[in-house]
2 protein chains.
Amino acid sequence: MLYSILTLQLLFPVIGLSALAPRICNGGSSPYTYKTEYFDVPVDHFAFTNDDMFRMRYLINDSYWKPNEGAPIFFYTGNEGDIESFAANTGFLWESAPEFHALIVFAEHRYYGHSMPYGNKSLSEPKYSGYLTAEQTLADYVYLLTNLTTSARDLRTDIFVNGKKNVNKRTKRIPIISFGGSYGGMLSAWFRMKYPGLVTGALASSAPIWQFPGLNDCHTFARIVTSAFEIEEKSCPHNVRKLWTAIDELGNSKEGLEWMSTNWKLCNALKNKTDVDNMKAWISSATINVAMVNYPYPANFLGDLPGHPVRAFCKHLDEPMEGKDLLTATFKGLNAWFNHSGSAKCFNLSSEFGTSDLGLDAWNYQSCTEMVMPICMDGKQDFFEPAPWDLGAYVNDCKKTLKMSTRPYSIPKLFGGKNLETASNIIFSNGLLDPWAGGGVLKNVSESTVAVLLPSAAHHLDLRASNNLDPPTVTMARKFYKKIFRKWIADFHKQ
Amino acid sequence: MLYSILTLQLLFPVIGLSALAPRICNGGSSPYTYKTEYFDVPVDHFAFTNDDMFRMRYLINDSYWKPNEGAPIFFYTGNEGDIESFAANTGFLWESAPEFHALIVFAEHRYYGHSMPYGNKSLSEPKYSGYLTAEQTLADYVYLLTNLTTSARDLRTDIFVNGKKNVNKRTKRIPIISFGGSYGGMLSAWFRMKYPGLVTGALASSAPIWQFPGLNDCHTFARIVTSAFEIEEKSCPHNVRKLWTAIDELGNSKEGLEWMSTNWKLCNALKNKTDVDNMKAWISSATINVAMVNYPYPANFLGDLPGHPVRAFCKHLDEPMEGKDLLTATFKGLNAWFNHSGSAKCFNLSSEFGTSDLGLDAWNYQSCTEMVMPICMDGKQDFFEPAPWDLGAYVNDCKKTLKMSTRPYSIPKLFGGKNLETASNIIFSNGLLDPWAGGGVLKNVSESTVAVLLPSAAHHLDLRASNNLDPPTVTMARKFYKKIFRKWIADFHKQ
């Protein structure tokens, strides 16, 4: 899940969209091999005002697949970014596929990566961008999977030859397990809920399906960020909480601005209050994003970070500090994140964690239309500057900046809100270090829709490739998932 | 379900759209009382290209409702017609509501009755008509029910007041049982499948959810029509099968045309082969529509008919006949349907069962876009002239006449096709005299998704008001439904 900058934007309205956007980066070539394929799907699955089709991208690897033995499809429900990036960061799927003889498919989400319905114009105005919704995306995946599991010949025959011959000829069904992390986990869970005849089961990792208006306390997110810092070092969150005032105080004078610009090695010197506010927003955003990817080993899912990055930051803030001491220590902490190789000469507030990429633009659209996920800060139970949740301002902001209308209750209405008692065959896993866990499903909701809690894990750590530094609970959880997958597949074949 | 004239249109391409359209008529004032209300819903629930809202109509009666006792909402998922007509013809719901202390709601389907998204322009071109889909309609019902079960005040508070106060304040849930017959039954079943957190259970009466390409043998429909005639009188279907040739033979000569025009008392004399083809199509269509509403007592759901109308027809064709004898007997049979009061002076082929109304126009759109329900005739196992199913021609015809694109596999893909093993709390009832039963669910599909077969019933007879002439199985079935409803409601309150 990309932390939506819209929330921060409301705190600091001067900051342009995308200025704080974390980037998803692949970090070089993928460790996995696949073919890249394309498939045409309708732009609009639910109305007939527009017959346009577009080409969605998907990645496929059939080298392990044994379809005649009833082996499954492992299907990654692509989320907000280039699908190659998710393929590179979802090692658990790759590592599990061989023992299940599974067909591997990573489907790219419409409006991301190479799956742009209207090319460069896709986000230019509502008549093009308006088809960027979760429901349309799930229907893309239905069409893709139906095509993958049905030979084209059968369909043609069925269409054009009259008579009984091909009627009631059932396509051989294939068990399908959907995987997804973050928003992709939400999609995976919803995919099973809405299309249970197609999708056998879903692993929804770190999927905050309840981080929506009316379903959740908007404070939980910031509280979890704060506690993730507190776990590493008791003084750390208290220091961060004091940071904002310390920056403001220095920001009030020319000398203070100069001191910060020099001592923080900013590429562009701070000139005024706006610059100071931007810097605070940038730091806030960094703490959030780093809390999300607070993995026990170096990783580059949202930027190139050391292992245990929160610990690496907090070790510099390990005792109560004030004023310039606090800022100096904070700078060391930020260096541990953004310059741990030591090669950067200066900090660029708009580039570290801040490269605007298409993925983030499109996520802004989704945040403005239906993915309204309230987050607020009070500065007491969390270490941020107070920032109330204000849906009215949020909606206005979306209208103004993106020309998009907001339907804040659309997702709870269309996907059942908290009333999931009929859901089946879904694993909701949440790392308790992950700020998004507060919007996740943390208790079993039915016999086969279960919650897995991972105390020492951040955002969808369990979906990543195995690593010697993984917490034992994550290693255990992956074994548990595979056991459940086997049960789903066995039940499927018993039908 | 209105028998789609598109199928016949392919047989007789000269016939204009709607010429054979059965009409839904209320038959005078409703025996039930309700308030008429309106509710604004988005025209497009699944994209953000169009922010238009429209006013949907619904009928509501809260005189029996005891919300504080956990009483349910009985919700009729309106189908292809004026909702008042369905309210008048769904007596079972009205008769059951008092003992359940239920709130009664009949929701009107978009593009029918008074629920026109774009007024008179609604069907004028795809940019207006294109939002007429089952998925959009179900979302309308979600929005309406969410509104009915949530006080507006709560929502406002949640939106505009910041903070914890209103968070996690759960709206009191209300059990909702959806009812529907025919296409409305399909909607009811899908409503439960897609929105099980909102809809507690569904009674789907005569819902041919499998009358779609690839799911069903297109011959079943015509075979059931034929057997419904055979049950009444063994010779009857054989005579009907010979009728087409008999008409054609007379139609070859001027004398023959005159003979038919005079002896059949046609308001407009037959002039040529086109007129003859139209007449045959009109008779075919009449046999189908009468088979659907072959009720044991006089009714006026699709025109004003006597009780046991198939019997009333077949008693005139009770022995093998040929030529003019056959036509004379057939005329007597048709008189039993369309002139059983004896008041009509002549037959108007384009008016009996043929008043074009808005409902039918909109159903043509649905048939052309996603409600593609293959029906074919072979003249051997059924009594019709052979008419193969030709999807290619069907699609071309839709494009030509309505400018609409067809997605023949959209419904099977989006609603799970035959893979319903996870469905729960649905009753699929089918009258075995009903031609649509062949596309229905005739076997239990899961523990709580059950099939009820009614041997002596036509199209959704069970949903109609009780009548002394009802077959005992229908009376029993209604008791069974209420028992199931009680279980659903009890289970709901146990959660």
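Worth saying up front: this structure is predicted, and the values here are computed from it rather than measured. (Residues numbered from 1 in each chain as written. Chains lettered and ligands numbered in written order. Predicted model: local features only at pLDDT ≥ 70, side-chain atom pairs only at ≥ 80, totals over all residues. Heavy atoms only, no water.)

Chemist: I keep staring at the overall build of chain A and nothing clicks. Help me out?
Modeler: Per the secondary structure count, chain A includes 17 helices and eight strands. For chain A, the residues scored as buried account for 65% of the 495 residues in total. Taking the contacts inside chain A whose residues are at least 6 apart along the sequence as the reference set, 73% of them involve residues at least 24 apart. Surface accessibility of chain A: about 17600 Å² in total, with carbon and sulfur atoms responsible for 52%. (Helix = DSSP H or I, 4+ residues; strand = E, 2+ residues; numbered from the N terminus. Buried < 20%, exposed > 50% of the residue type's maximum accessible area, 1.4 Å probe, protein only. Contact = heavy atoms within 4.5 Å. Areas by Shrake-Rupley, 256 points an atom, 1.4 Å probe, with all protein chains shown as cover.)

Chemist: Is there a simple way to think about the relation of the copies chain A and chain B in this case?
Modeler: Put simply, the second copy of the chain is the first one after a rotation about an axis and a shift along it. The two copies are related by a screw motion: chain A maps onto chain B through a turn of 180° and a shift of 0.0 Å along the axis, at an RMSD of 0.0 Å. Both copies of the chain, as the preceding transformation shows, are related through a two-fold rotation axis. The C-alpha atom lying nearest the rotation axis in chain A is that of Lys194(A); the distance is 2.9 Å. Taken as a fraction of all interface residues of chain A, those also at the interface in chain B reach 100%, which identifies the copy contact as same-surface. (Least-squares fit on C-alpha atoms with pLDDT ≥ 70 in both.)

Chemist: Explain the interface of chain A and chain B here, please?
Modeler: Often, the extent of an interface is quoted as the loss of accessible area upon association of its parts. Contact with chain A, which involves 63 residues of that partner, is made by 63 residues of chain B. Carbon and sulfur atoms make up 54% of the surface buried where chain A meets chain B, a total of about 5600 Å² over both sides. Summed over the shared surface of chain A and chain B, the result is four salt bridges. In this structure, the salt-bridge partner of Asp51(A) is Lys399(B), at a minimum N-O distance of 3.5 Å. On inspection of chain A and its partner chain B, the count reaches 19 residue pairs in polar contact (both at pLDDT 80 or more). At the level of secondary structure, the elements contributing two or more residues to the side of chain A that touches chain B comprise α4 (126–129), α5 (134–149), α6 (152–160), α7 (183–194), α15 (391–402) and α16 (410–414) of chain A. With six residues, α5(A) is the single largest residue contributor to the side of chain A that touches chain B. Partitioning the side of chain A that touches chain B into residue classes produces 23 nonpolar, 22 polar and 18 charged. (Buried area = accessible area lost by both parts, 1.4 Å probe. Salt bridge = Lys/Arg side-chain N within 4 Å of Asp/Glu carboxyl O. Polar contact = N/O pair within 3.5 Å; in protein donor to acceptor, adjacent residues only side chain to side chain. Nonpolar A, V, L, I, M, F, W, Y, C, P; charged D, E, K, R; others polar.)

Chemist: I'm lost on the state of the cysteines in this one. Help?
Modeler: As used here, a disulfide is simply a covalent bond connecting the sulfur atoms of two cysteines. Counted under the stated rule, the structure contains eight disulfides over all chains. With its sulfur 2.0 Å from that of its partner, Cys368(A) forms a disulfide with Cys398(A). Across the S-S bond linking Cys368(A) and Cys398(A), the dihedral sits near -80°, which makes this disulfide left-handed. Taken together, the residues span a long stretch of sequence, with Cys368(A) in helix α14 (residues 358–369) and Cys398(A) in helix α15 at a distance of 30 residues. As far as burial versus exposure is concerned, Cys368(A) and Cys398(A) are alike and both buried. There is a disulfide in this structure between Cys218(B) and Cys376(B), and the S-S distance comes to 2.1 Å. In this structure, the disulfide formed by Cys218(B) and Cys376(B) twists by about 85° around the S-S bond and is classed as right-handed. On the criterion of sequence distance, the pair formed by Cys218(B) in the loop between β6 (201–205) and α8 (220–232) and Cys376(B) in the loop between α14 (358–369) and α15 (391–402) is long-range, its members being 158 residues apart. Residues Cys218(B) and Cys376(B) agree in their burial class; the two are buried. (Disulfide = S-S within 2.5 Å.)

Chemist: Looking at this structure, I do not really get α15(A). What am I missing?
Modeler: The periodicity of an α-helix, 3.6 residues per turn, causes residues three or four positions apart to be oriented the same way. Residues and elements named next belong to chain A. With twelve residues, α15 extends 16 Å from end C-alpha to end C-alpha; this agrees with the ideal 16 Å at 1.5 Å per step. For α15, the full list of buried residues reads Leu391, Gly392, Tyr394, Asp397, Cys398 and Leu402. Looking at where α15 begins, the residue whose side-chain oxygen comes 3.1 Å from the main-chain nitrogen of Gly392 is Asp390. Immediately downstream of α15, the backbone of Lys403 shows phi near 60°, a positive value. (Expected span 1.5 Å × (residues − 1).)

Chemist: Help me out: how do you make sense of the domain arrangement of chain A in this one?
Modeler: All names here are of chain A. Under the domain assignment used here, chain A contains domain 1 (35–155 + 169–210 + 418–494) and domain 2 (218–407). Centre-to-centre, using C-alpha coordinates, domain 1 lies 30 Å away from domain 2. Counting residues at the interface gives 38 residues for domain 1, matched by 30 residues for domain 2. Taking both sides of the interface into account, the surface hidden between domain 1 and domain 2 amounts to around 2800 Å²; carbon and sulfur atoms contribute 69%. (Domains from an automatic or database assignment.)

Chemist: Help me understand the packing of helix α9 (residues 235–251) of chain A against helix α13 (residues 323–338) of chain A in this model?
Modeler: Two quantities define a packed helix pair, namely the angle between the helix axes and the distance between the axes. Residue and element names in this part refer to chain A. Running from N to C, α9 and α13 cross one another at 115°; their axes reach a closest spacing of 9 Å. By the angle class used here, α9 and α13 are roughly perpendicular. As α9 runs across α13, the sense of the crossing is left-handed. Touching Asn239, Lys242, Leu243, Ala246, Ile247 and Leu250 of α9 are Gly323, Lys324, Leu326, Leu327 and Thr330, all from α13. Taken together, the residues that form the contact of α9 with α13 break down as six nonpolar, three polar and two charged. (Axes fitted to C-alpha atoms, helices over the stretch in contact; angles between N-to-C directions. Parallel < 35°, antiparallel > 145°, perpendicular 65-115°, else oblique. Left-handed = near helix turned anticlockwise from the far one by under 90°.)

Chemist: How do you make sense of the side chain of Asn61(A) when you look at a structure like this?
Modeler: Residues and elements named next belong to chain A. Here Asn61 is to be found in strand β2 (residues 53–61). At 2.6 Å, the side chain of Asn61 and the side chain of Ser63 are in polar contact. Beyond its immediate stretch of four places on either side in the chain, Asn61 contacts Thr33, Tyr34, Trp94, Ala102, Leu103 and Ile104.

Chemist: Please explain the environment of Arg486(B) as it appears in this structure.
Modeler: Residues and elements named next belong to chain B. Here Arg486 is to be found in helix α17 (residues 472–494). With 205 residues separating them along the chain, Arg486 and Ala281 place their C-alpha atoms 46 Å apart. Sequence-distant contacts of Arg486, that is, excluding residues within four places in its chain, are made with Glu99 and Phe100. A polar contact is formed between the side chain of Arg486 and the side chain of Glu99, at a distance of 3.0 Å.

Chemist: I tried to follow the sheet that holds strand β7 (residues 426–431) of chain A on my own but got confused; where do I start?
Modeler: Two pairing modes exist for strands in a sheet, parallel and antiparallel, and in both the strands are linked by backbone hydrogen bonds. Residues and elements named next belong to chain A. Spatial strand order, β1-β2-β4-β3-β5-β6-β7-β8: eight strands in an open sheet with mixed pairing. A strand with exactly one partner marks an edge of an open sheet, and here the two such strands are β1 (35–42) and β8 (449–454). Pairwise comparison of adjacent strand axes, ignoring direction, gives a mean angle of 20° for this sheet. Along the sheet, α7 makes contact with β3 (73–77), β5 (176–181), β6 (201–205) and β7, crossing β5 at roughly 150°. (Pairing = 2+ DSSP bridges.)

Chemist: I'm lost on the packing of aromatic side chains in this one. Help?
Modeler: Centre distance and the angle of the planes are the two values used to describe a pair of aromatic rings. All names here are of chain A. Enumeration over the complete set of coordinates arrives at 71 aromatic pairs over all chains. Geometrically, the ring pair formed by Tyr34 and Trp94 is tilted, given 6.0 Å between the ring centres and 35° between the ring planes. Taken together, the positions of Tyr34 in the loop between α1 (5–11) and β1 and Trp94 in helix α3 (residues 91–100) put the pair 60 residues apart, joining distant regions of the chain. No difference in accessibility class separates Tyr34 from Trp94, as the two residues are buried. Here the aromatic residues Phe229, Trp264, Trp282, Phe313, Phe331, Trp337, Phe338, Phe347, Phe383 and Phe384 are joined through ring pairs into a cluster of three or more. (Phe/Tyr/Trp six-rings, centres within 6.5 Å; stacked < 30°, edge-to-face > 60°.)

Chemist: Explain the sheet that holds strand β1 (residues 35–42) of chain B to me, please; I cannot follow it from the model alone.
Modeler: Residue and element names in this part refer to chain B. Pairing is mixed in the open sheet, where eight strands are placed in the order β1-β2-β4-β3-β5-β6-β7-β8. Whereas interior strands pair on both sides, the edge strands pair on one side only; in this sheet they are β1 and β8 (449–454). Averaged over all neighbouring strand pairs, the angle between strand axes comes to 20°, with direction disregarded. Of the strand pairs in this sheet, strand β7 (residues 426–431) and β8 are connected by six bridges, and their pairing is parallel. Each residue of the ladder has a partner; that of Gly431, found in β8, is Leu454.

Chemist: What's the story with a nonpolar patch on the surface in this structure? I'm lost.
Modeler: All names here are of chain A. Together, Leu432, Leu442 and Leu453 give the surface a local cluster of nonpolar side chains, amounting to about 220 Å² of exposed area. Mapped onto the elements, Leu453 comes out in strand β8. What makes Leu453 partly exposed here is its relative accessible area of 40%. (Patch = residues over 30% accessible without salt bridge, like charges linked within 9 Å, V, L, I, M, F, W, Y side chains within 5 Å.)

Chemist: Looking at this model, I keep getting lost on the confidence of the model for chain A. Mind explaining?
Modeler: Low pLDDT means the predicted coordinates in that region are not meant to be read closely. Taken residue by residue, chain A gives an average pLDDT of 88. The fraction at 70 or more is 87%. In the predicted complex, the global pTM is 0.92; the interface-specific ipTM is 0.91. (pLDDT = per-residue confidence, 0-100.)

Chemist: How should I be thinking about the packing of α8(B) against helix α11 (residues 273–292) of chain B in this particular structure?
Modeler: All names here are of chain B. Look at α8 against α11: their axes get within 10 Å of each other, and the N-to-C directions meet at 75°. The angle between α8 and α11 places the two elements in the roughly perpendicular class. On the side of α8, the interface is formed by Phe221, Val225 and Phe229, while α11 contributes Thr287, Ile288 and Ala291. Along the lines of polarity and charge, the residues of the contact of α8 with α11 split into five nonpolar, one polar and no charged.

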